[in-house]
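Understanding the architecture of this molecule
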Amino acid sequence: MAADSPHAPAVFVPERTPSCRRLAGRGGDLQLAAAVAKQLKAGAENGRTAYANTIYLATISKGTVTKIKPVADIEENAVLRAAFAGRAMEGTIGVRTRQGDYASAATLPVRIEFANSPVRGELTGKITNATRAVGSANGSCFTPLNRTQANPLVGEFTAKTAIERVSSMHAAYDDELLLKWSGSASNMGHAYVPSTATLLGGDPLGRTWETLLHGTPSAGPPVNLHLVNGGGTC
């Protein structure tokens, strides 16, 4: 990615921002001129979310982006593949209460391993400790979820999952990463949404991906995850 200024960093619209007043570059973040911010926001508000996959040619003056032009589109599968394919996440999943909901603050350990290749903008995953003990990245063993009466995996909440990016989900730049269940339900959280800048070494992911069920959060298990290396065998 080049810019009009020979010494300017490459620029991309970052994810996880409630409004777009900056562009992420390899050399750091750059402030947007008001007209450029207005241009991008108008597009997002009208359902044009190409910004999430676009690399821009930028005119930069005194550290401020004064003009942008899209020059390359990054395939959605490529973004997910670079961030998550073939990797694992660990964390916690909310338990199911005796009333059949997920209103309790109690949790169980969970590990999800992801496929090597996304398909049509989705990367499938599997909760590996759904029915058997698995090793965690720190060497401990995660017990099977189905060995407790509080097992959260019932109905459409199964061991089969998938992740998908959704840009401007509820409002402009409300970019979410979905954890999709086997039915129509899905959890959402914004801290782990990878952008084109993430793909190329900038705009790092958050520390933890905190997700809640769409609609009525207490009707499905909350899941909090982070990427890990290693694990899988007890």
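Use the structure listed above.
Rules used throughout
Residues numbered from 1 in each chain as written. Predicted model: local features only at pLDDT ≥ 70, side-chain atom pairs only at ≥ 80, totals over all residues. Heavy atoms only, no water. Pairing = 2+ DSSP bridges. Helix = DSSP H or I, 4+ residues; strand = E, 2+ residues; numbered from the N terminus. Axes fitted to C-alpha atoms, helices over the stretch in contact; angles between N-to-C directions. Contact = heavy atoms within 4.5 Å. Disulfide = S-S within 2.5 Å. Buried < 20%, exposed > 50% of the residue type's maximum accessible area, 1.4 Å probe, protein only. Salt bridge = Lys/Arg side-chain N within 4 Å of Asp/Glu carboxyl O. Core = buried A, V, L, I, M, F, W, Y, C linked by side-chain atoms within 4.5 Å.

A look at the sheet that holds strand β15 (residues 223-228)
Read around the closed barrel, the 8 strands follow the order β6-β7-β8-β11-β12-β13-β14-β15; overall the barrel is antiparallel. The average undirected angle you get between the axes of adjacent strands in this sheet is 30°. Sheet analysis places strand β11 (residues 160-166) next to strand β12 (residues 176-180), joined by 5 bridges and oriented antiparallel. Across the sheet, residue V166 finds its bridge partner in β12, namely E176. Along the sheet face, helix α2 (residues 76-84) touches β6 (88-94), β7 (107-114), β8 (123-127), β11, β12 and β15 and points at about 120° away from the line of β11.

Looking at the environment of A37
Turning to its location among the elements, A37 is positioned in helix α1 (residues 34-45). Residues A37 and V65, 28 residues apart in the sequence, show an inter-C-alpha distance of 9.4 Å.

Regarding the state of the cysteines
The final tally for this structure, using the stated rule, is 1 disulfide. The residue that forms a disulfide with C141 is C234, at a sulfur-sulfur distance of 1.9 Å. On the criterion of sequence distance, the pair formed by C141 in strand β10 (residues 141-142) and C234 in the segment after β15 is long-range, its members being 93 residues apart. On the basis of relative accessible area, C141 is assigned to the partly exposed category, the value being 46%.

A closer look at the pattern of salt bridges
Counting across every chain of the model gives 5 salt bridges. Here R111 and E90 are joined by a salt bridge, their closest N and O atoms 2.6 Å apart. One end of the pair, R111, is in strand β7; the other, E90, is in strand β6, with 21 residues separating them in the sequence. Taken individually, R111 and E90 each receive the classification buried, so the pair is uniform in this respect. Close ionic contact of R111 with E113 constitutes a salt bridge, the shortest N to O distance being 2.9 Å. The exposure class assigned to R111 is buried, which follows from its relative accessible area of 3%.

Describing the nonpolar core
The biggest cluster of nonpolar side chains holds 32 residues, and the ones touching the most others in it are F84, M89, I93, I127, I163, W181 and W209. Every element with two or more residues in this core is listed here: α2, β6, β7, β8, β12, β14 (209-213) and β15. Broken down by element, this core gets its largest block of residues, 4 residues, from β7. Dropping the residues within four chain positions of it, I93 is found in contact with A106, T107, L108, V110, L145, P152, L153, W181, P221, P222 and V223. Core analysis: the second largest hydrophobic core is formed by 15 residues, L30, A37, L40 and A58 among them.

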